[in-house]
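Here are the chains, one letter per residue:
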Amino acid sequence: MPFVDASGVVTATLLATIVLYGLGILLPQCCPRHPHLQNLFAHGAATLAAMSGIVLGLSGLFIDAPPVFSLPSTLPLLTIQFRLDPLSAFFVLLISLAGAAVSIYAVGYVREFESRHPIGLLGGLYNAFLLSMTLVVMADDGFLFLILWEIMSIVSYLLVVTEHEKADVRYAGFFYLVMTHVGTAFILVTYLVFFQQTGDFSFEGFRQSIASLPEGFRTIAFLGALIGFGTKAGIIPLHVWLPYAHPAAPSHVSALMSGVMIKTAIYGLIRVYFDFLGGDFPWWWGFTVLAVGAVSALLGVMYALMEHDLKSLLAYHSVENIGIILLGIGAGMIFQTYGLANLAALGLLAGLYHTLNHAVFKSLLFMGAGAVLSTTHTRNMEEYGGLIKTMPWTALFFLVGAVSISGLPPTNGFVSEWLTFQSLFLSFQLPDLLMKIMVPIGAAMLALTGALAVACFAKAFGITFLAMPRSQHAREAKEVAWPMRIGMGLLAVACLALGVAPMVVVPLLDRVTSGFTEATLAGRLVTEGGFALAPGLGIGFASISTPLLAILLIVIVPLTLLGVVLFGGRLRKRLYHTWGCGINLKPRMEYTATGFAQPIRQVFSMIYRPTVKVETEMLEESRYFAKRKTFELSLEPTFQKHLYDPVVRLFNLAAERLRVVQAGSLHLYLSYIFITLLVLLLWVS
Amino acid sequence: MPLSLHPDLGSQLINLCSMLLLLTTFAIVAQRRLSACVDLFALQSLFLAVTAAVVAWFTDSPHIYIAALLTIAIKTVTIPMILKKVIERVNVKREIEFVINIPPSLLICGALVILAFSVTEPIAKLGFLLTRDSLAIALAIVLIGFFMMIARKKAVTQIVGFLMMENGLFLGATASAYGMPLIVELGVFFDVLVAALIIGVYTHRLQDTFDSVDTTKLTGLKE
C-alpha cells in the first residue's frame, strides 16, 4: 500500500481534523465585529479540516487492523471510543469530500448573509455540524453514537432555522425536529435490544450479543433500525420532512444535509445489519429493504417531477436516491440470506458506490441551486429562464450534476446505477422462486425511476437555464463569486472522475464490503488490464468499460460533426431570432415547468390525484373572447393527509383531554406531589 | 458529662423537644393570623435549635452546635424578619385564607402524624440511636408543612409551610444520623435563606400584578 505508516497518518489527521473544526467553531467568535473575517475563518478552517478528513478517510481504508482511539470518561455507561474500520473510513471520506467542496463554496455563498445574520453563529454551527458527522460514523460505542447523532440532529436543526424570521422556515425546522427525534427513539430501541442482551453499550458488545439474541428481538432490532435510520435517510413514507427542511436551510447547509447527513443513516443501517446482526438474515429482511428502496426511488422521483421549487425538487430526488441505495443494499441482504457471498458483496458495493456518488452530485446540485437562488432570490422555477447566458459556469456545473443524477454516462451516477441493475439482474441465481420473480420487479422500478429522473432534470435544467428569462429576477441574474464556482467545479470534476475511473474506486469499496460478506471482488469485478467492470463474476454476464464509453463519446461527437461538414453539403451560418410566426416572442410563450410535467401528471393521476381549477372570465361583449384565465393546480399530499394528519389529530385530542390535569393551579400541582408521596409511603410501609 | 446523668435522660429530652416542635407545627396550622404564624415559626425554629443542641451535648459532636447556632441566626431571626417585612409591604388586609378550614385541617394533620409513625415504625425498631423516635416526628412535620402549602392560599403561608418542611428535614437528619456533614448543612442553610428571599420577592411581584398574594389567582396565567 502507498502509505508507509498509515496508522501514524490516521492519528495525525484525526487530531488535525478535530482541532481544525474546533478552530472553525472558536475563531469566528473572536472577531464579532468583522463578519467578513468570521466567514473566512469559519469556512477556511472547515475546508482545511475536511481536506485533512479526506486523508484520514483514505488512509483508514488502507489499514488492515482498524485503529482505536479511546478517551477516559467519568460518566457511567459512556465509553468515549472511536474506531476507524473501512466502513467508517469510507463515510469519513465521503463526508470530507463533499465537506471540503461545500466549505469553499460557503465562503462565497455566506457573503450575502453577512449583513443579515450573525456569521459567527452560522459558521460555528456549520463547523460543529461537519465535526459531529465525522465523529458519528467513527463512534465505537452505542451511547456515544447516540449522543453524537443527537448533536448532529440538533445542530442541523439550528442551521435549518437560520432564517428564523420567516414563518415557513420555523415550521420546516419544527417538522424536522419532531421527525428526527422520532427516528432517534427508534434507533434507541434497536440499541437497547442489544444492550439488554449484553449489559454493554460498546459496539464490540453489540456484535457478540447476536449469538444469544432470540429471533423476536432480532426482528425488533431490524425494524427499529429501518424506521429510525429510515427517518433520517428519508425513506417513504418517513420522507415528509425532507422537502420542507432541505429547502429552508441556507443552500450550503442543504447541500450537506441532503448530500451527506442522510448518508450517516445509510452508515447506521449497514453497521446494524451487516456488522451487528452479522449478515444472518431471514429472507424477508432483505426483501423489505428492497421494497422500501424501490417504492422510495419511484415515488421520490415522481414527486420531484411535480415540484417547481428547485430546492424541494432536489430534496425529493434525495428520497429517490436513498431508494436506489437501498435497492443495492437490499439486494445484497437477499443474496446474503441465500449464501451467495459474491453477489451480496456486489449489491452492497453498488449501494455504497451510489452513496458516494449521490453525496457528490447532490451536493453539487444543491450548490448550483444555491448559486441560482443567491442571484435571483427566488426558489420558484417558473421565474427562472435563460440563466445559461448570464451564469455559464453555474450552468455547466449544474448540467454535469444533472447528467450524473440522471444516471447517464460518462458520469458517476451511471456507474453505480448500472452496478445496481446488474446485481438485481443477477438474482436469477437465487434458489427461491418468489425472490427470482420479485427482485427483477425492483429492477423494472429502478428503470422507470431512471427514465423519470431524466425527464425531471430535463425540466430542471431546461426551465432554469435555457430559453428566455421569465422574470425581472432572472433578467438581473449575474454569475456567482469565484469561491462558489470553485466549490461546484471540484465536485463536477469528481462526478466525471468517479464515472470514468470506477476501477480505482471499486477496490477501495471492496475493502469495505469484504469485511462483511467474506468475498473479495476487487480482483474479479475489475477485468484484467483494469479497463472494464464485469459484475458477472466469472459467469460471463455483462461487462462495461467506462473509460471506453467516455472515449467513444469524446470521439463520436467530433466525428459526427466532421461527417456533417464533409458530407453534409455547404454550411451557411445565419444568426437571427427564433421565428415566431410573425409574432414577437415573449417569455410568456415559453414552455413552463408545470406544462412540461403535465403528461406525466396525466399518466400517473392515480398517484398524484391532482385538482385542476380553470376559471375563464369572458369579455362582456362576446362570450367567445376570454378576458382572463386563471389556472390553479394542487396535488394531494397523500402521505401527509392519510398518514400524518390522523396521527397529529390523535395527539391533539389526547393532549386536549390531558389538559384537565394541567389546570394551572399551584395548589393542585402541590397536591399531586403530596398525594404521590403519601401513596408511595403507604405502599412501602 | 453525659455519663454521670441518667442513661435515658438524653433520649427523653430529645423526645420532649421533638414533641414541642410538633406542637408548634399544630399551632401554626391552627393559627388564623399571619404575623402570629411567623412568630410561631420562629418559636419552632428555636425548639429545633434546642433539640440540635441537646443532641450535640449527648453525642459529643460539636459540629451540631454550629448548626444549632445557625438555626437560631437564620431561622429564628433573619427569616422571620424578612417575612414580617413582606407582610408589612404587601399589606395583607384579610388574614389567612383557607382552601381547607382549620378543624378539618387539624384532623388531616392528626392523620398525617399517625401515618408518619406507622411508616417509620419498622425503621425505628432497627435504630440504636437515642434520637430514633424523632424520625417519625420529623416525617410528620415534613408532611404537615407540605399540607400547609396546599391548604393555605396566601403566598406567605406557603413560605411558612415550605420552611416547616425544611425544619422537619433538619430534625430528620439530626435524628437519623446525628446531623449531616457540616458543609452540607451550611449549604442547606444558605439555600433556605435564598429561597426565603426569592419567595419574598415573588410575593411582592404577585402583589403588584394581581393586587393580592392569593396564589389561586395564578390560574389566570394559563393560556
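Residues numbered from 1 in each chain as written. Chains lettered and ligands numbered in written order. Predicted model: local features only at pLDDT ≥ 70, side-chain atom pairs only at ≥ 80, totals over all residues.

### Examining the overall build of chain A
Condition: Numbering of helices and strands runs from the N terminus, with a helix taken as a DSSP run of H or I at least four residues long and a strand as a DSSP run of E at least two residues long. In this setup the radius of gyration rests on C-alpha atoms only. A globule is expected at 2.2 Å times the number of residues raised to 0.38. Counting other C-beta atoms within 10 Å of its own, a residue is labelled buried from 20 upward, exposed at 12 or fewer, and partly exposed in the gap between, with every C-beta atom placed from the backbone. Here the contact rule is simple: place C-beta atoms from the backbone, and any two residues whose C-beta atoms are within 7 Å are in contact.
Looking only at helices and strands, chain A features 26 helices and four strands. Relative to the globule expectation of 26 Å for 685 residues, the C-alpha radius of gyration of chain A, 27 Å, shows essentially globular dimensions. Projected onto its principal axes, the C-alpha positions of chain A cover 100 × 75 × 60 Å. A total of 685 residues make up chain A; the buried ones form 50% of that total. A separation threshold of at least 6 residues defines the contact pool for chain A, and within that pool the share at least 24 residues apart is 79%.

### Description of the overall build of chain B
The helix and strand inventory of chain B stands at seven helices and zero strands. When its helices and strands are written in sequence order, chain B yields α-α-α-α-α-α-α. Relative to its full complement of 223 residues, chain B shows a buried share of 41%. Long-range contacts, defined as pairs at least 24 residues apart, comprise 73% of the intrachain contacts of chain B with a sequence gap of at least 6.

### Remarks on the packing of helix α12 (residues 310–337) of chain A against helix α16 (residues 412–425) of chain A
Two numbers describe a pair of packed helices, the interaxial angle and the distance between the axes. All names here are of chain A. As a reminder, the rule being used: Note on definitions: angles span 0 to 180 degrees between N-to-C directions of axes, and those axes are lines fitted to C-alpha atoms, for helices only across the stretch in contact. Left-handed is the label given to a crossing in which the near helix is rotated counterclockwise from the far helix by less than a right angle, and right-handed is the label when the rotation is clockwise. For this classification, the nonpolar set comprises Ala, Val, Leu, Ile, Met, Phe, Trp, Tyr, Cys and Pro, the charged set comprises Asp, Glu, Lys and Arg, and every other residue, Gly included, is treated as polar.
The contact between α12 and α16 brings their axes to 10 Å, and the two run at 35°. Where α12 crosses over α16, the two elements pack in a sense that is left-handed. Across the interface between the two elements, Ile 324, Leu 327, Gly 328 and Ala 331 from α12 touch Glu 417, Thr 420, Ser 423 and Leu 424 from α16. Partitioned by chemical class, the residues of the contact of α12 with α16 number four nonpolar, three polar and one charged.

### Topic: the domain arrangement of chain A
For the record, the criterion: An automatic or database domain assignment supplies the residue ranges for each domain.
Its domain assignment divides chain A into domain 1 (283–536) and domain 2 (639–684). Using only C-alpha atoms to locate each centre, domain 1 of chain A and domain 2 of chain A end up separated by 47 Å.

### A word on the environment of A:Asp309
Structurally, A:Asp309 can be placed in the loop between α11 (283–305) and α12. Residues A:Asp309 and A:Ala345, spaced 36 residues apart in sequence, show a C-alpha to C-alpha distance of 38 Å.

### Quick look at the packing of helix α4 (residues 119–136) of chain A against helix α5 (residues 142–160) of chain A
Residue and element names in this part refer to chain A. For clarity, the cut-off: Note on terminology: angles under 35 degrees are roughly parallel, angles over 145 are roughly antiparallel, angles of 65 to 115 are roughly perpendicular, and the others are oblique.
One way to put it is that α4 packs onto α5 with a least axis distance of 9 Å and a crossing angle of 150°. In terms of axis orientation, α4 runs roughly antiparallel to α5. Our pair here, α4 against α5, has a crossing hand that is left-handed. On α5, the residues touching Leu 125, Tyr 126, Ala 128, Phe 129, Ser 132, Met 133, Leu 135 and Val 136 of α4 are Phe 145, Leu 148, Trp 149, Ile 151, Met 152, Val 155, Ser 156, Leu 158 and Leu 159. Residues of the contact of α4 with α5, tallied by class, amount to 15 nonpolar, two polar and no charged.

### Section: the interface of chain A and chain B
Contact with chain A, which involves ten residues of that partner, is made by 14 residues of chain B. Per-class residue counts for the side of chain A that touches chain B are five nonpolar, five polar and no charged.

### Quick look at the pairing of strand β3 (residues 610–618) of chain A
Residue and element names in this part refer to chain A. Let me state the cut-off plainly: A strand pair is defined by DSSP finding two or more bridges across the two strands.
Of all nine residues that make up β3, zero are buried, and the element is exposed over most of its length. Both β3 and strand β4 (residues 626–635) contribute to a ladder of nine bridges, which runs antiparallel. Across the sheet, the residue bridging to Glu 617 is Arg 628, located in β4.

### As for the nonpolar core
Worth spelling out the cut-off: Here, a nonpolar core denotes buried Ala, Val, Leu, Ile, Met, Phe, Trp, Tyr and Cys residues that are linked to one another through C-beta atoms within 7 Å.
Judged by nonpolar contacts, the single largest core of 213 residues is most densely connected at A:Leu94, A:Ala98, A:Tyr126, A:Phe129, A:Leu349, A:Val360 and A:Leu364. Tallying contributions element by element places helix α13 (residues 341–376) of chain A first for this core, with 21 residues. Here A:Ala98 is in contact with A:Leu256, A:Gly259, A:Val260, A:Ala359, A:Val360 and A:Ser363, once residues within four sequence places are set aside. Among the nonpolar cores identified, the runner-up in size contains 60 residues, and B:Val55, B:Ala138, B:Ile150 and B:Leu163 belong to it.

### Description of helix α23 (residues 593–603) of chain A
Structural remark: α-helix, 3.6 residues per turn; residues separated by three or four positions point the same way. Residue and element names in this part refer to chain A. To be explicit about the condition: Note that the arc is defined by the directions from the helix axis to the C-beta atoms.
Along α23, the positions that sit buried rather than exposed are Ala 593, Phe 596 and Ala 597. Down the axis of α23, the buried set is contained in an arc of 85°. They therefore lie on one face. Exposed side of α23, more than 90 degrees from the buried face: Gly 595, Pro 599 and Gln 602 are the residues found there. Its buried side turned inward, α23 meets α11 and α17 (433–465).

### Description of the confidence of the model for chain B
All names here are of chain B. Keep this limit in mind: The predictor attaches a confidence to each residue, and that confidence, scored 0 to 100, is pLDDT.
In the predicted model, chain B carries a mean pLDDT of 82, and 90% of its residues have values of at least 70. Mean pLDDT across the elements of chain B ranges from a minimum in helix α7 (residues 182–210), with 78, to a maximum in helix α5 (residues 134–151), with 89. Interface predicted TM-score (ipTM) for the complex: 0.81; the corresponding pTM is 0.79.

### Some details on unusual backbone geometry
Residues and elements named next belong to chain A. Pro 237 follows Ile 236 through a cis peptide bond whose omega is 10°. With respect to the secondary-structure elements, Pro 237 resides in the loop between α8 (215–233) and α9 (242–248). The omega torsion of the bond from Pro 409 to Pro 410 falls at 10°, within 30 degrees of zero and hence cis. Mapping Pro 410 onto the fold places it in the loop between α15 (392–405) and α16. Its identity as a non-glycine residue notwithstanding, Ala 467 has a phi of 65°, on the positive side. Considering the arrangement of structural elements, one finds Ala 467 in the loop between α17 and α18 (472–475). Of note, Arg 609 is a non-glycine position whose phi angle comes to about 50°, a positive value.

### Section: the environment of B:Ala140
Residue and element names in this part refer to chain B. Inspection of the secondary structure puts Ala 140 in helix α5. Taking the C-alpha atoms as reference, Ala 140 lies 14 Å from Leu 163; in sequence the two are 23 residues apart. Each residue touching Ala 140, except ones within four places of it in the same chain, is listed here: Leu 22, Leu 112, Val 113 and Ala 116.

### Things to note about α13(A)
Residue and element names in this part refer to chain A. We count it as follows: By definition here, a helix of n residues has an expected span of 1.5 Å times n minus one.
With 36 residues, α13 should reach 52 Å at 1.5 Å per residue; the first-to-last C-alpha distance of 51 Å fits that figure. Along α13, 34 of the 36 residues are buried, which leaves the element largely enclosed by surrounding structure. One or two steps after α13, the chain reaches His 377, where phi turns positive at roughly 60°.

### Notes on the environment of A:Gln29
Residues and elements named next belong to chain A. Within the secondary structure, Gln 29 sits in helix α1 (residues 6–30). Accessibility expressed as a C-beta count within 10 Å gives 14 for Gln 29, which makes it partly exposed. When sequence neighbours within four positions are dropped, the list of residues in contact with Gln 29 reads Gly 120 and Gly 124.

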